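Residue-level structure breakdown
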Amino acid sequence: MSSMGHTQRLPTILMTDMVDTTHEPILLGELDGTCKYVVKLKDEAKDNAEFLTNVEAKPVALRLAATLLPQEETSLLAQAHGFLSFNVSYQFCNHCGAAVAPVEGGVKKQCVKTECRKKVYPPVQPVMISLVVDPKTGNLLLGRAARYSKGMYSLLAGFIEVGESAEEAVVREVMEEAGVEVDNVTIVYSHVWPMPSQLMIGCYAEAKTTEINFDKTELEDCKWFPESTIAAAIQQQYKKQDEEKESEVPITVPQRLATAHQLMKMYTERTLFDHVPRNSGKL
């Protein structure tokens, strides 16, 4: 990433000896009247001080970069990472085994064998993530996986299986992970999550049952939390650095970039109900 004043931006990389020329540049499209490409750098580029100085950039983790960039460049970053991962990992035709070559600016791959010529597109993995609400109390169902940072809870999520709708996936995943039955499932929000190519489909669901019997192989803990706790955890993230002090909020929630964060924020600010009808109880 590079800095322009106090604004973080994606750097401009010219064709230097740090570019891995075994992979062709990939056309991403046009932004601000300029065609944008993504190139793969050699592994040693991130440790080459002279190169990083020349392009006025520094290497940062993808998740951190996405929280620092302007919105239009965050989308560009997601697209670039997805296309680059596809081009690097997909080298042979899954139909006949022959080599494949990039076509149409690198956004597709095509088998080089004349008898085959099969085209392949970058995969997109749909994932449902569900804000489950107890309609009688307004409480939210959150789970905690062992890999999460200390004190963090998030919404329940899972891959959508073949032959399954997003709404059906919500019902299945919440039952499998938490033992809670839900209905009134509504899709309210979607977001690209380039790790490497997931499409997060944010859903709202209402609990028909509230007793939790969570899958201990999937989760370390699973609880109902009052809306006030969620709102406080979100507000804590938006405090300025110099205002931060020891937090009295018992949990943390995912960072702003995450679909879970956006769904919880929409719920606590009541903008969620621009998309979801209020059915019953305290909602």
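Residues numbered from 1 in each chain as written. Predicted model: local features only at pLDDT ≥ 70, side-chain atom pairs only at ≥ 80, totals over all residues. Heavy atoms only, no water.

For the rest of this paragraph, the subject is helix 4 (residues 166-178). Helix length check: helix 4 (13 residues) gives 18 Å between terminal C-alpha atoms against 18 Å at 1.5 Å per residue, within 8%. By the burial criterion, the buried members of helix 4 are Ala166, Ala169, Val170, Arg172, Glu173, Val174, Glu177 and Ala178. Where the residues of helix 4 are buried, they touch strand 8 (125-133), strand 9 (140-144), strand 10 (156-159), strand 11 (182-193), strand 12 (198-207) and strand 13 (221-225). (Helix = DSSP H or I, 4+ residues; strand = E, 2+ residues; numbered from the N terminus. Expected span 1.5 Å × (residues − 1). Buried < 20%, exposed > 50% of the residue type's maximum accessible area, 1.4 Å probe, protein only. Contact = heavy atoms within 4.5 Å.)

Moving on: the nonpolar core. Ranked by size, the top nonpolar core spans 27 residues in total, and within it Leu131, Leu142, Leu155, Ile230, Ile251, Met264 and Leu272 carry the most contacts. Elements with a contribution of two residues or more to this core: strand 8, strand 9, strand 11, strand 12, helix 5 (227-237) and helix 6 (259-268). Broken down by element, the residue count for this core peaks at five residues, all from helix 6. Those residues in contact with Met264 that sit more than four places away from it in its chain are Leu131, Leu140, Leu142, Leu155, Ile230, Ile234, Val253 and Pro254. Counting 21 residues, the second largest nonpolar core, distinct from the first, contains Leu156, Ala166, Ala178 and Ala205. (Core = buried A, V, L, I, M, F, W, Y, C linked by side-chain atoms within 4.5 Å.)

Let's shift gears to the pairing of strand 9. Counting buried residues along strand 9, five of its five residues qualify, which places the element largely inside the surrounding structure. Burial along strand 9 is two-sided: the residues Leu140, Leu142 and Arg144 and Leu141 and Gly143 are all buried. Across two bridges, the pairing between strand 8 and strand 9 is antiparallel. Bridge pairing links Val132 to Leu141 in strand 9. Count of turn residues in the strand 8/strand 9 antiparallel hairpin: six residues, of which Gly138 carries a positive phi of about 85 degrees. Pairing analysis gives five bridges linking strand 9 to strand 13, with the strands arranged antiparallel. Opposite Leu140, over in strand 13, you have Phe225 as the bridge partner. (Pairing = 2+ DSSP bridges.)

Looking at the element boundaries, Glu173 is found in helix 4. Side chain to side chain, Glu173 and Arg172 meet in a polar contact 3.2 Å long. Aside from chain neighbours lying at most four places away, what touches Glu173 is Met128, Ala157, Gly158, Phe159 and Ala178. (Polar contact = N/O pair within 3.5 Å; in protein donor to acceptor, adjacent residues only side chain to side chain.)

Another point: the sheet that holds strand 5 (residues 100-103). With antiparallel pairing, three strands are arranged side by side in an open sheet as 5-6-7. Across the chains shown, the open sheet's two edge strands, defined by having one partner strand only, are strand 5 and strand 7 (119-120). In this sheet, strand 6 (residues 108-111) lies alongside strand 5 in antiparallel orientation, the contact comprising four bridges. The partner of Val103 across the bridge, within strand 6, is Lys108.

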